[in-house]
Amino acid sequence: MLRGIDVSAYQSSSYDTDGLSFVFVKATEGRSYVNPRLAAQTKRARDAGLVVGFYHFLWPGNLTAQAEYFVSKAPDRPGDILAVDWETTSNGTHASNAQKDLFIRKLKDLRPNNQVVLYCNRNFWLTHDTTSYAGDGLWIADYVAAGKPRIKARWRFHQYTDDPLDKNVADFGSKAALRKWAEDA
C-alpha cells in the first residue's frame, strides 16, 4: 500500500512529505471558496515528487457552475487526479446521487486528461449512494485499519484516520504504478 495524506486550509503548507507517495489538496467548495493555501500546498507536493490530486467539496445546486469553478481553480496538468468530496454540508444537506454523478461526468468532460474519483465516507457509500458511480475510482473514508475499509466495492484510495491529519493509502503496487494510472486518463 502506498501512503498519502489530504490537506486543506486547516493544515500547514509545509506538511511532512517523508514516506508519502501522494497528496490530495482541497481546491474549492461550492461556487465561491478557494483554499487560500492551494498554491503553496501544491508546490510542496510537487517539490517532493508526489502524485498530486485536488478535491472539490460538492454542494447541492448548480453542478455545471461548480465543475467549471473547480477546474478554473485547480491546476490543469495531465497526471493530476481530480476528486469529488461528497458528504454532508455545513448546513446539513448533500448533493443527490444524480447531482454527484452529473458532477463527475462534467469533470470528465472538462478535464479528459485527468482521472476523476469519488471521495465519500462508508456511511454515504452504503446508505446514500444508489448508483455506485465513482468515475475512475473510489476514495473511501472508513476509520479502521489502513487498507481494510468495510465495503465490498473496489476502491483506489482509503482514508483510514484523521488523527492527527487525514491519512490515506492507495491500492497500487508502486508509486510508478499510481503515476502511470493517473497519467493514463
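Preceding block: the structure.
Described below are features of the structure shown in this document. Keep in mind that this is a model prediction, so the values were computed, not measured.

1. Considerations on the environment of arginine 105
Phase 1: Position of arginine 105 relative to the elements: it lies in helix α3 (residues 97-110).
Phase 2: Of the residues examined, arginine 105 reaches a relative accessible area of 43% and is grouped as partly exposed.
Phase 3: With 79 residues separating them along the chain, arginine 105 and lysine 26 place their C-alpha atoms 20 Å apart.

2. Quick notes on the pairing of strand β5 (residues 81-85)
Phase 1: Counting buried residues along β5, five of its five residues qualify, which places the element largely inside the surrounding structure.
Phase 2: Taking every second residue as pointing to the same face, both faces of β5 are buried, with Ile81, Ala83 and Asp85 on one and Leu82 and Val84 on the other.
Phase 3: With five bridges connecting them, strand β4 (residues 51-57) and β5 associate as parallel partners. Note that in β5 the partner of tyrosine 55 across the bridge is alanine 83.
Phase 4: Following the backbone out of β4, through helix α2 (residues 63-73) and into the adjacent parallel β5, one traces a crossover that is right-handed.
Phase 5: In the sheet, β5 pairs with strand β6 (residues 115-121) via five bridges, with the strands oriented parallel. What sits directly across from aspartate 85, in β6, is tyrosine 119.

The rules we used
- Counting restarts for each chain: residues are numbered from 1 in the order of the written sequence.
- With the structure being a predicted model, the display of local features is reserved for residues of pLDDT at least 70 and the display and counting of side-chain atom pairs for 80 or more, all residues being used for whole-chain, interface and lining totals.
- Heavy atoms from the whole structure form the basis of all side-chain values; hydrogens and water molecules are not counted.
- Note on conventions: DSSP H or I runs of at least 4 residues are helices, E runs of at least 2 residues are strands, and numbering of each starts at the N terminus.
- Exposure categories follow from relative accessible area, calculated using a 1.4 Å probe and restricted to protein chains: below 20% of the type maximum is buried, above 50% is exposed, and the middle band is partly exposed.
- Strand pairing is assigned whenever DSSP identifies at least 2 bridges connecting the two strands.
- Handedness of a crossover: with both strands directed away from the viewer, a clockwise path from the first strand across the helix to the second marks it as right-handed.

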